[in-house]
Amino acid sequence: MSQTATLEVNGNKYEFPIIKGSEQELAIDIKALRGATGGVTTIDPGYKNTGSCQSAITFLNGEEGILRYRGYSIEDLAEKADFLEVAYALIFGDLPTKEQLEKFNNDIKAEAHVDEDVKRILDGFPKSAHPMGVLSSLTSALIAFNPSSVNVDSEEDMYQAIVKIMAKFPVLTAWAHRKRMGMPLDYGDDSLGYVENFLKMMFKKPNQEYKKNDIIINAIDKLLILHADHEQNCSTSTVRIVGSSHAGLFASISAGISALWGPLHGGANQAVIEMLEAIKEDGGDTKKYMGKAKDKADPFRLMGFGHRVYKNFDPRAKIIKVAADEVLGDLGIVDPVLDIAKGLEQEALLDQYFVDRKLYPNVDFYSGIIYRALGIPTEMFTPMFALGRLPGWIAQWREMRLRKEPIGRPRQIYIGETFREFKNLNDR
Ligand code: CMC
């Protein structure tokens, strides 16, 4: 028998269906609420209790620390797959066959160039510009050089748009970095794999041959996989809501990049390292900063701690912590910032404030340490997150369009002035 929920408003009772997800999650379907009640709505700032869509892409159980893309566990994917396989699975629903992967890879390679005129736009930015702003602008600029809208009823059109952005985004990310560093732009090499080619475009010096390092390639591949999707987070919800107005894929992704930039979301990876460096500069007194984080009068938060959904542990952080130790060991790097991070983690895990609020290290607590060890500058950490999240944004945008979801348009409860007589300027 199907379940229902009963709601009583001003003495009147209303029944609403309860829907169940494939992992037995329950949700009260309130689509008919306003119509049935004559305009009563719900209020849920930050959407802490609101399901915005039904999705078959990513399953996340915050209590048990489970994360799966298309049913595959994040642990398996991080260990056994590469980033392009994961991207394919997220976007199209299943891990690719050998043939499908080869075609996807070749199609991406065929599109891995951007119009020379994009360089002129990049030239207009000062070197000091934050690369997330540059990346968002250049992604938006790509629209001018490519069809601005995608015929979502054509599988081929959709596929072409997806391949184009998968191909051009690493170029833009690497160029944003080279611009900051004052290095000539690099066009990549289509004989290389996706991640290796990206690293070459980032780091190749004009007067030196680029030498690949498998430790670095594997670490970046893993980090990109761990960031590839996270269901309806802030940037993904942004991509879906912008796309719901039928704005194109590139425009929706450009908006997602802006949403990711903030320090409470993707920008946390940069903020974590800046925080750890500040603690080091200040003498390494982690207790002082623990105190600041707990002081409600102090706006300071322990960056890299806490998560809207994970209230036990972040499975991505678990994998990254091990990877961080391995990478630093393999590269022979001793980083005092890592010791501060470990000290803070130990203190926080035992501290009643953090225990009571179920605040654990999240993915960003350790990712910055790996990026640092790999020679990626702090301001490029969030663009790296964006590169990883790209397939997730694409998959969610595609799903939203294929499911023909309505335009996203929440309601509000108005708390401003009621009707007022207009006063002429001289009478105010
Ligand atoms: N340091 C100190 N106190 C914290 C922290 C923190 N990092 N995070 C949450 N709290 C406290 C908060 O003050 C509140 O306390 P109280 O109940 O006494 O008022 C309680 O914990 C609940 O916090 P909240 O802000 O209501 O929780 P939220 O679900 O709205 O926010 C969060 C989640 C990730 C924005 C928040 O934990 C935070 O700001 N963390 C630091 C930034 C960060 O690391 N962000 C990366 C998130 S993971 C990557 C991603 O997906 O983007």
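These figures come from a predicted structure and were not determined experimentally. (Residues numbered from 1 in each chain as written. Predicted model: local features only at pLDDT ≥ 70, side-chain atom pairs only at ≥ 80, totals over all residues. Heavy atoms only, no water.)

Chemist: Is there a simple way to explain the environment of Thr382 in this structure?
Modeler: Position of Thr382 relative to the elements: it lies in helix 18 (residues 381–402). On a C-alpha basis, the gap between Thr382 and Lys109 in space is 24 Å, while along the polypeptide they are 273 residues apart. Each residue touching Thr382, except ones within four places of it in the same chain, is listed here: Met132, Leu260, Trp261, Gly266, Gly267, Asn269 and Gln270. Among the polar contacts made by the side chain of Thr382, one reaches the side chain of Asn269 at a distance of 3.0 Å. (Helix = DSSP H or I, 4+ residues; strand = E, 2+ residues; numbered from the N terminus. Contact = heavy atoms within 4.5 Å. Polar contact = N/O pair within 3.5 Å; in protein donor to acceptor, adjacent residues only side chain to side chain.)

Chemist: Honestly, the packing of helix 6 (residues 131–145) against helix 7 (residues 155–181) in this entry has me stumped. Any pointers?
Modeler: How two helices pack is summed up by the angle between their axes together with the distance between the axes. Relative to each other, helix 6 and helix 7 sit at 140°, their axes nearing to 9 Å. In terms of orientation, helix 6 lies oblique with respect to helix 7. Our pair here, helix 6 against helix 7, has a crossing hand that is right-handed. For the pair helix 6 and helix 7, the contacting residues are Pro131, Val134, Leu135, Leu138, Thr139 and Leu142 in the first and Ile165, Lys168, Phe169, Leu172, Thr173, Ala176 and Arg180 in the second. In the contact of helix 6 with helix 7, the residues fall into nine nonpolar, two polar and two charged. (Axes fitted to C-alpha atoms, helices over the stretch in contact; angles between N-to-C directions. Parallel < 35°, antiparallel > 145°, perpendicular 65-115°, else oblique. Left-handed = near helix turned anticlockwise from the far one by under 90°. Nonpolar A, V, L, I, M, F, W, Y, C, P; charged D, E, K, R; others polar.)

Chemist: Would you explain helix 7 in this entry?
Modeler: Residues lying three or four places apart along an α-helix face the same way, a consequence of the helix completing one turn every 3.6 residues. Its 27 residues give helix 7 an end-to-end C-alpha distance of 40 Å, which sits within 8% of 39 Å, the value for a rise of 1.5 Å per residue. Residue Lys168 marks the point of greatest curvature in helix 7, where the axis turns by about 25°; the proline Pro170 follows within four residues. Along helix 7, 21 of the 27 residues are buried, which leaves the element largely enclosed by surrounding structure. Positive backbone phi, approximately 70°, marks Gly182, located one or two places after helix 7. (Expected span 1.5 Å × (residues − 1). Bend = angle between axes of the 7 residues up to and from the residue. Buried < 20%, exposed > 50% of the residue type's maximum accessible area, 1.4 Å probe, protein only.)

Chemist: Quick question: what am I supposed to make of the side chain of Asn269 here?
Modeler: On the secondary structure map, Asn269 appears in helix 12 (residues 268–281). We classify Asn269 as buried; its relative accessible area is 0%. Not counting residues within four places of it along the chain, the set of residues in contact with Asn269 comprises Asp364, Ser367, Tyr371, Phe381, Thr382 and Phe385.

Chemist: Looking at this model, I keep getting lost on the packing of aromatic side chains. Mind explaining?
Modeler: A ring pair, where both rings are aromatic, is described by two values, the distance of the centres and the angle of the planes. Taken as a whole, this structure holds 12 aromatic pairs when the rule is applied. Ring geometry for Phe83 against Tyr194: centres 5.8 Å apart, planes inclined by 40°, an arrangement best described as tilted. Within this pair, whereas Phe83 is found in helix 3 (residues 83–92), its partner Tyr194 is found in helix 8 (residues 194–203), the two being separated by 111 residues in sequence. The exposure class assigned to Phe83 is buried, which follows from its relative accessible area of 1%. Seen from their ring centres, Phe92 and Phe104 are 6.0 Å apart, and the 85° between their planes marks the pair as edge-to-face. One end of the pair, Phe92, is in helix 3; the other, Phe104, is in helix 4 (residues 98–110), and 12 residues separate them in sequence. What makes Phe92 partly exposed here is its relative accessible area of 25%. The exposure class of Phe104 is buried, given its relative accessible area of 0%. (Phe/Tyr/Trp six-rings, centres within 6.5 Å; stacked < 30°, edge-to-face > 60°.)

Chemist: Explain unusual backbone geometry here, please?
Modeler: Among all residues except glycine, the phi angle is most often negative; among peptide bonds, the trans geometry is most common. In this structure, Lys358 takes a positive phi of about 50° despite not being glycine. The residue Lys404 is not glycine, and still its phi comes out positive at about 50°. Assignment of secondary structure puts Lys404 in the segment after helix 18. For Lys404, a relative accessible area of 60% puts it in the exposed group.

Chemist: Just checking my understanding: could you explain the sheet that holds strand 5 (residues 66–69) for this structure?
Modeler: One key point about sheets: their strands pair by backbone hydrogen bonds, in either a parallel or an antiparallel sense. Strand order across the open sheet formed by three strands is 4-5-6, with antiparallel pairing between neighbours. This sheet does not close on itself; its edge strands, each paired only once, are strand 4 (58–61) and strand 6 (72–73). Examined bridge by bridge, strand 4 and strand 5 share four bridges and lie antiparallel to one another. From the neighbouring strand, Thr58 faces strand 5, where its bridge partner is Tyr69. (Pairing = 2+ DSSP bridges.)

Chemist: Got a minute to help me understand the sheet that holds strand 1 (residues 4–9) in this structure?
Modeler: What the three strands build is an open sheet, ordered 1-2-3; its pairing is antiparallel. Among the strands making up the open sheet, the edge pair consists of strand 1 and strand 3 (26–28). Between one strand and the next, the sheet's axes are offset by a mean angle of 30°, whatever the strand orientation. Taken together, the six bridges between strand 1 and strand 2 (residues 12–20) define a ladder with antiparallel strand orientation. Paired with Ala5 across the strands is Phe16, a residue of strand 2.

Chemist: What is the right way to read the environment of Leu224 from this model?
Modeler: Structurally, the position occupied by Leu224 is in helix 9 (residues 214–227). Taking relative accessible area as the criterion, Leu224 reaches 1% and is therefore assigned buried. In this structure Leu224 touches Phe83, Val195, Met384, Leu387 and Gly388, once residues within four positions along its chain are discounted.

Chemist: Would you mind showing me how to read the environment of Asn362 here?
Modeler: Mapped onto the secondary structure, Asn362 falls in the loop between helix 16 (352–356) and helix 17 (363–373). When the C-alpha positions of Asn362 and Lys318 are compared, they lie 8.7 Å apart, and in sequence the two are 44 residues distant. Not counting residues within four places of it along the chain, the set of residues in contact with Asn362 comprises Gly304, Phe305, Gly306, His307, Asp314 and Ala317.

Chemist: Got a minute to help me understand the site of the ligand in this structure?
Modeler: Residues in close proximity to the ligand total 22 residues, the closest being His265, Arg301, Leu302, Gly304 and Arg308. A distance of 2.5 Å is found between an oxygen atom of the ligand and a side-chain nitrogen or oxygen belonging to His265. Within the backbone of Gly304, one N or O atom sits 2.8 Å away from an oxygen atom of the ligand. Summarising the interface, the protein chains cover 79% of the accessible area of the ligand, which totals 940 Å² for the free molecule. The residue makeup of the shell around the ligand, split by class, is 10 nonpolar, six polar and six charged. (Near = heavy atom within 4 Å. Areas by Shrake-Rupley, 256 points an atom, 1.4 Å probe, with all protein chains shown as cover.)

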